[in-house]
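Read off the chains here:
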Amino acid sequence: MTDTPLVRLERHSDVGVIIVNNPPVNALSPGVPEGIIACLNEGLADPAIKSMVLIGDGRSFIAGADIRNFGKPRPPVPPGSRSHDLLDLSTKPIVAAIHGYALGGGLENAMACNYRIAKRSAKVGLPEVLIGILPGGGGTQRLPRLIGPKAALDLIVSGRHVPAAEALTLGIIDAIVEDDQDLKQAAIAYARKVADTRPLPQVSSRTDKLEAAKSDPGMFDAKRREIARRARNQKAPYNCILAVEASTQLPFAEGLQRERDLFNELENTTEARALRYAFFGEREANKVPGLDASVPVREIASAAVVGAGTMGGGIAMSFADFGIPVRILEATQEALDRGMQRIRDNYATSVKRGSLAQDEMERRLARITPVMSYDQLADADAVVEAIFEQMEPKKAVFAKLDAVMKPGALMLSNTSALNIDEIASATNRPQDVAGAHFFSPANVMKLLEVVKGAKTSPDTMASTMAMGRKIGKISVGCGNCDGFLANRSRAPFNSEMVIMLEEGALPEQIDKVMVDFGYPMGPFAVGDLAGLDIGAEGRKRRAAADPNYRKLPIADRLVEMGRFGQKTGAGWYRYEKGDRTPHPDPVVAQLIADMGRELGVAQHSFTEEEILRRLLFSSVNEACKILEEGIAYRSSDIDIMWLHGFGFPRYRGGLMFWADQIGPKAVYDQISVWHQRYGNRWAPSPYLRRLAESGTSFRDAKPGRAG
Ligand code: 3H9
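Here is what the cut-offs are and how they apply
Position numbers for residues start from 1 in each chain and track the written sequence from start to end. With the structure being a predicted model, the display of local features is reserved for residues of pLDDT at least 70 and the display and counting of side-chain atom pairs for 80 or more, all residues being used for whole-chain, interface and lining totals. Calculated side-chain values reflect all of the structure's heavy atoms, with hydrogen atoms and water omitted. Here, two cysteine sulfur atoms that lie within 2.5 Å of each other are counted as a disulfide. Only protein chains enter the accessibility calculation, which uses a 1.4 Å probe; a residue is then buried when its area is under 20% of its type maximum, exposed when over 50%, and partly exposed in between. A pair of strands counts as paired when DSSP detects no fewer than two bridges linking them. For helices the rule is a DSSP run of H or I covering at least 4 residues; for strands it is a run of E covering at least 2, with both sets numbered from the N terminus onward. Only the contacting stretch of a helix is used when fitting its axis, a line to C-alpha atoms as for every element, and angles between N-to-C directions run 0 to 180 degrees. Two residues form a contact once any of their heavy atoms are found within 4.5 Å. By convention, orient the strands away from the viewer: a clockwise path from the first strand over the helix to the second makes the crossover right-handed. By convention in this text, a residue qualifies as near a molecule or strand provided that one of its non-hydrogen atoms is within 4 Å of it. Two N or O atoms count as a polar contact when they lie within 3.5 Å, although within protein this holds only if one can serve as hydrogen donor and the other as acceptor, and sequence-adjacent residues are included solely when both atoms are side-chain atoms. Note on areas: these come from Shrake-Rupley sampling with a 1.4 Å probe, and a residue is covered only by the protein chains present in the view. For this classification, Asp, Glu, Lys and Arg are treated as charged, while Ala, Val, Leu, Ile, Met, Phe, Trp, Tyr, Cys and Pro are nonpolar and the rest, including Gly, are polar. Those domain boundaries reflect an automatic or database domain assignment. By definition, a salt bridge exists where a carboxyl oxygen of Asp or Glu is found within 4 Å of a side-chain nitrogen of Lys or Arg. Only Phe, Tyr and Trp rings are paired, with Trp represented by its six-membered ring, and only when their centres lie within 6.5 Å; those with planes under 30 degrees apart are stacked, over 60 edge-to-face, the remainder tilted.

A. A look at the state of the cysteines. Taken as a whole and assessed by the stated rule, the structure comprises 0 disulfides. Free of any disulfide, Cys 113 has its nearest cysteine sulfur in Cys 39, 13 Å distant. Cysteine Cys 481 shares no disulfide, and the gap to the nearest cysteine sulfur, in Cys 478, comes to 7.0 Å. Residue classification places Cys 481 among the buried positions, given a relative accessible area of 13%.

B. Expanded view of the sheet that holds strand E9 (residues 175-177). The strand order across the open sheet built from 6 strands is E1-E2-E3-E4-E6-E9, with neighbouring strands paired in mixed fashion. Looking at which strands have only one partner, the edges of the open sheet turn out to be strand E1 (7-12) and E9. Strand-to-strand twist across the sheet, computed as the mean angle between neighbouring axes with direction ignored, equals 25 degrees. Here 6 bridges tie strand E2 (residues 15-20) to strand E3 (residues 51-56), and the two strands are oriented parallel to one another. Within E3, the position partnered with Gly 16 by the bridge is Met 52. In the packing of helix H7 (residues 183-193) onto the sheet, the strands contacted are E1, E2, E3, strand E4 (94-98), strand E6 (115-119) and E9, and the crossing angle to E3 comes to about 155 degrees.

C. Representation of the pairing of E3. Burial within E3 is extensive, with 6 of its 6 residues counted as buried. With burial as the criterion, each face of E3 is covered, one bearing Ser 51, Val 53 and Ile 55 and the other bearing Met 52, Leu 54 and Gly 56. Remark: the E3/helix H2 (residues 83-88)/E4 crossover connection has right-handed handedness.

D. Structural view of the site of the ligand. Around the ligand, a shell composed of 27 residues is seen, among which Ala 65, Gly 105, Glu 108, Glu 128 and Arg 283 lie nearest. Side-chain polar atom of Arg 59 to an oxygen atom of the ligand: 2.9 Å apart, as the coordinates give it. Here a nitrogen atom of the ligand sits 2.8 Å away from a polar atom, N or O, in the main chain of Ala 63. Look at the ligand: alone it shows 1000 Å² of surface, and the protein chains cover 76% of it. Among the secondary structure elements, those contributing two or more residues to the shell around the ligand are strand E5 (101-103), helix H3 (105-112), helix H11 (252-266) and helix H12 (270-284). The dominant element in the shell around the ligand, judged by the number of residues it contributes, is H12, at 3 residues. Its residues assigned to classes, the shell around the ligand shows 15 nonpolar, 5 polar and 7 charged.

E. Main features of the domain arrangement of the chain. Looking at the assigned domains, one finds that the chain contains domain 1 (7-268), domain 2 (303-481) and domain 3 (487-562 + 593-694). Taking only C-alpha atoms into account, the centre of domain 1 sits 42 Å from that of domain 2.

F. Structural detail: the pattern of salt bridges. Enumeration over the complete set of coordinates arrives at 56 salt bridges. Ionic pairing is found between Arg 298 and Asp 432, a salt bridge with its closest N-O pair at 3.1 Å. One end of the pair, Arg 298, is in the loop between H12 and strand E10 (303-306); the other, Asp 432, is in the loop between helix H17 (420-424) and strand E15 (433-438), with 134 residues separating them in the sequence. For the residue pair Arg 298 and Asp 432, the accessibility class agrees, reading buried in each case. Lys 567 is the salt-bridge partner of Asp 533, the closest N and O atoms lying 3.0 Å from each other. Taken together, the positions of Asp 533 in helix H22 (residues 532-545) and Lys 567 in the loop between helix H23 (553-560) and helix H24 (586-599) put the pair 34 residues apart, joining distant regions of the chain.

G. Examining the sheet that holds strand E17 (residues 474-479) more closely. Reading across from one edge, E12-E11-E10-E13-E14-E15-E16-E17 is the order of the 8 strands in this open sheet, with mixed pairing throughout. Each edge of the open sheet is held by one strand with a lone partner, namely strand E12 (368-371) and E17. When strand polarity is set aside, the average angle formed by the axes of neighbouring strands in this sheet is 25 degrees. Bridge count for strand E16 (residues 447-452) against E17 is 6 bridges, and the pairing is parallel. For Leu 447, the partnering residue across the bridge sits in E17 and is Ile 474. Along the sheet face, helix H18 (residues 458-470) touches strand E13 (382-385), strand E14 (410-413), E15, E16 and E17 and points at about 150 degrees away from the line of E17.

H. Representation of the packing of aromatic side chains. With the rule as written, the count across this model stands at 16 aromatic pairs. Between the aromatic rings of Tyr 277 and Phe 657, the centroid separation amounts to 4.8 Å while the plane-to-plane angle is 40 degrees, which identifies the pairing as tilted. Here Tyr 277 is found in helix H12, whereas its partner Phe 657 is found in helix H27 (residues 655-662), with 380 residues between them in sequence. Judged by relative accessible area, which is 7%, Tyr 277 ranks as buried. Ring centres of Phe 617 and Trp 674 lie 6.2 Å apart, and the angle between their planes is 50 degrees; on these two criteria the pair is classed as tilted. Placement of the pair is Phe 617 in helix H25 (residues 608-628) and Trp 674 in helix H28 (residues 664-678), with a sequence separation of 57 residues. Classification of Phe 617 by relative accessible area gives buried; the value is 0%. Overall, Trp 674 belongs to the buried group, its relative accessible area being 4%.

If you want it as structure tokens, here you go:
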């Protein structure tokens, strides 16, 4: 018997069923490929077994290689002896039976089988590029043979998950099993049906689909051009293209070797390490210290939103998009109508773009009920306040909600900066109050910052985190302070970009550095998109609260001039009517030069590195203060917020991962120099100093004063 706890062979008379059992997702951890090979050999050696099935226990087929093992030394596996090589050589037919996910190495093993069947709800894909590598188990050579190089290129370079129905059309799978049918029984029946088929269909020996590449030799260069902007600074997408290209040029065995070489170039790049870190950081963010599985999570089956502005509307759409009925409240009929119209327009745009079907739009809209009285919100399981960012009106809303909401309702504020404890003080149930900070546009952006007030109960926190996940968000928890984790860590960046203008930099120069770094847009262009008047409000509030607050006179002057950004046709840039392209504006250049003189600031020229570091180090320093205060639970939470809230390039891991590549000591030394030169705003955080002295990375540092 070759059974191990990870893989076992079951005999169903003449069919051998190889079952992988490595919860939670049947990753190919050490022992799993070996177990598959052992069971395969046992099945081949047993004359009673005529055909075989490869299937997964639990919720998935096989979700791929065990990502935790990348970047660590592994014993070399000689060519030709991996599980996919041996499945490929089987003399008895093997049927891969897929449910849940067949991803990466999972699909690669399935493609080495002779047949593939999948449940209708299953998904398949080769998502390796999303963790900075390429399919290294034959996927780049088998998929082009199975579905043609062009379709394979599309799947491997995007890494997208393909639903079973599309997989059938493409030819990745041979049949679909309906979800109410028993997959194992269906696979056994299939295996019995094909038991005598010879020659066995073998993907590796197919060449018919490769012909397509001969008639379209330009497809690889076209793909390189297509991804040029999106994949800038990255290597994995280009190696994926080279590997698929090799499948059209080399015999199968040589193609496998080329795939291996291209894979080896990637495994330890900073890009791959950053993407693996982001993958695990997203899952780690779910875990709030002190909240374990014993904390009860309240079921959110209905929701309410107060305020039908841009944020409120987007939040209502987030609930409706995930099947949760939601009421949305406004004070006047006119505001309510305007809000509902904006929601309708947003959905209509998606329909026009082809990303949403008309009937689905109608279903989602039907889940959103406009109301004008607080009583109509009373029975919702969760309510999110999303009115404008001022304390007193927010407290008034919470007092009204306190009077009507049913006991146990989650009472959430979408504030991006205001004190949750003060908001909660307007109610008699501060234990039910938490921050639920959505990012704009709320129905699109994945981040939900969940803020714990002093009195927020563990189950309110756990339930709000779970609510976020239920509506497709990445929930990240944090403590309460002005700006919380996201906006507080970002604020110094926002100041520094304008302060550099006082010293002679131009918005377009700074934007270019950040776009080259990997941001989709430069920070000044983003400011114009969001509206410059919003930042001006926040600055007024901070200046009133803090006498040492560093003012930003250039930004304030711009707002005084009525330049609010795209919506007024001018901001940091000028805009042609009906066009969102930012054009550098001589009026702004003149304003910057005049203000620099007026303020008496010495002018100098900037290197790209100085711009990048001035912006990001200022935020790293603030993030260290946040970690020291225990507002952030771990440094990777800051990174996940920057990835999903601020467009930080994922392949750089996030603010703190990026800073770790430079090293806390080098960051500290530079900040100390700027502290001398620019004064207090650059005072280095003691936490950062301790890391620099002890040689501890941000990643390994513990939050809190001991960090
Ligand atoms: C590859 O295959 C390379 C090959 O070409 C061969 C090269 C030689 N490894 O996401 P969830 C953990 S590269 C290790 O919350 P869901 C995850 O961390 C791989 N761990 O569930 C979490 O742990 P915890 C290509 C993994 O239902 C738990 O499982 N494959 C792996 O929302 C549950 O995960 C991929 O890139 C893994 N491969 O989503 C697929 N996968 O509970 C990566 C998951 O401790 N995985 N875990 O936090 C996914 O995309 C999603 O996990 C999946 C399920 C869609 C499968």
